Amino acid sequence: MKILKPTIILTIIATVFFFYSCSDDDDNLIANITLTEGVNGDIGGDFTGSGGNTSETFNWQNNLSTADYNADITASTTGLFQMIVEDSEGNTVLDRSLNGAIEPDSFSGVTSAGEPGNWTVTINVTNFNGDGSVTLTEGN
């Protein structure tokens, strides 16, 4: 059996190190959802991404049976934004989405009627590249 020359050994080590030290493109894909106001009364937040995915769920005290909602993508080239709202009994009163590559780039309105109390708000962003905002207030 021949002994490998130091040059060949160093080349093998450098090659292995190169492949293990290179970052994967997926490492740079991020998405963030930040709650900027409330969980009582008004609730609002911002979301940003550079191609990443994330999901956040918030509990929100709604003393009324409906809620007014608004979501807006202010700059997006790709991805999906989704807002799901459930009443205190777990019934879905809102499930709306925006696609970053297709108009419209916003939605607003009033949720279906539900039971007052502790509501659940889930925000999902998938392959999202851009930013936007979301608000939810007690309805009538």
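Residues numbered from 1 in each chain as written. Predicted model: local features only at pLDDT ≥ 70, side-chain atom pairs only at ≥ 80, totals over all residues. Heavy atoms only, no water.

What follows covers the overall build of the protein chain. Scanning the protein chain from terminus to terminus reveals one helix and six strands. Going from N to C terminus, the protein chain has its helices and strands arranged as α-β-β-β-β-β-β. Looking at the protein chain residue by residue over its 140 residues, the buried ones come to 31%. Sequence separation of at least 24 residues holds for 70% of the intrachain contacts in the protein chain that already meet a minimum separation of 6. (Helix = DSSP H or I, 4+ residues; strand = E, 2+ residues; numbered from the N terminus. Buried < 20%, exposed > 50% of the residue type's maximum accessible area, 1.4 Å probe, protein only. Contact = heavy atoms within 4.5 Å.)

Moving on, we get to unusual backbone geometry. One can expect most non-glycine residues to show negative phi and most peptide bonds to be in trans. The residue after Glu103, namely Pro104, is reached through a cis peptide bond having omega 5 degrees. Positionally, Pro104 belongs in the loop between β4 (92–99) and β5 (106–110). Residues other than glycine seldom take positive phi values, yet Asn127 does so here, at roughly 50 degrees. If you trace the backbone, Asn127 turns up in strand β6 (residues 117–138).

All right, on to the side chain of Thr111 then. Note on placement: Thr111 falls in the loop between β5 and β6. Owing to a relative accessible area of 6%, Thr111 belongs among the buried residues under this scheme. Not counting residues within four places of it along the chain, the set of residues in contact with Thr111 comprises Thr66, Ala67, Tyr69, Val93, Leu94 and Trp119.

Under the defined criterion, the tally for this structure stands at five aromatic pairs. On the basis of an interplanar angle of 15 degrees and a centroid distance of 4.4 Å, the ring pair of Phe47 and Phe81 is categorised as stacked. Note that Phe47 is positioned in strand β2 (residues 43–62) and Phe81 in strand β3 (residues 67–86), a separation of 34 residues in sequence. Of the two residues, Phe47 and Phe81, neither departs from the other in class, the shared state being buried. Each ring, one from Trp60 and one from Trp119, has its centre 5.9 Å from the other, and the planes form 85 degrees; the classification is edge-to-face. Here Trp60, found in strand β2, pairs with Trp119, found in strand β6; they are 59 residues apart in sequence, far enough to count as distant. An identical accessibility class is assigned to Trp60 and Trp119; each is buried. These aromatic residues form a ring-pair network of at least three members: Phe47, Tyr69, Phe81, Phe107 and Phe128. (Phe/Tyr/Trp six-rings, centres within 6.5 Å; stacked < 30°, edge-to-face > 60°.)

Let's shift gears to the environment of Asn124. Inspection of the secondary structure assignment puts Asn124 in strand β6. Looking at Asn124, the relative accessible area reads 17%, which means it is buried. The sequence separation of Asn124 and Ser55 amounts to 69 residues, and the corresponding C-alpha distance is 4.3 Å. With residues up to four places along the chain from it excluded, the contact list for Asn124 reads Thr54, Ser55, Leu80, Phe81, Gln82 and Ile84.

Interpretation in functional terms is not warranted from these geometric data alone.
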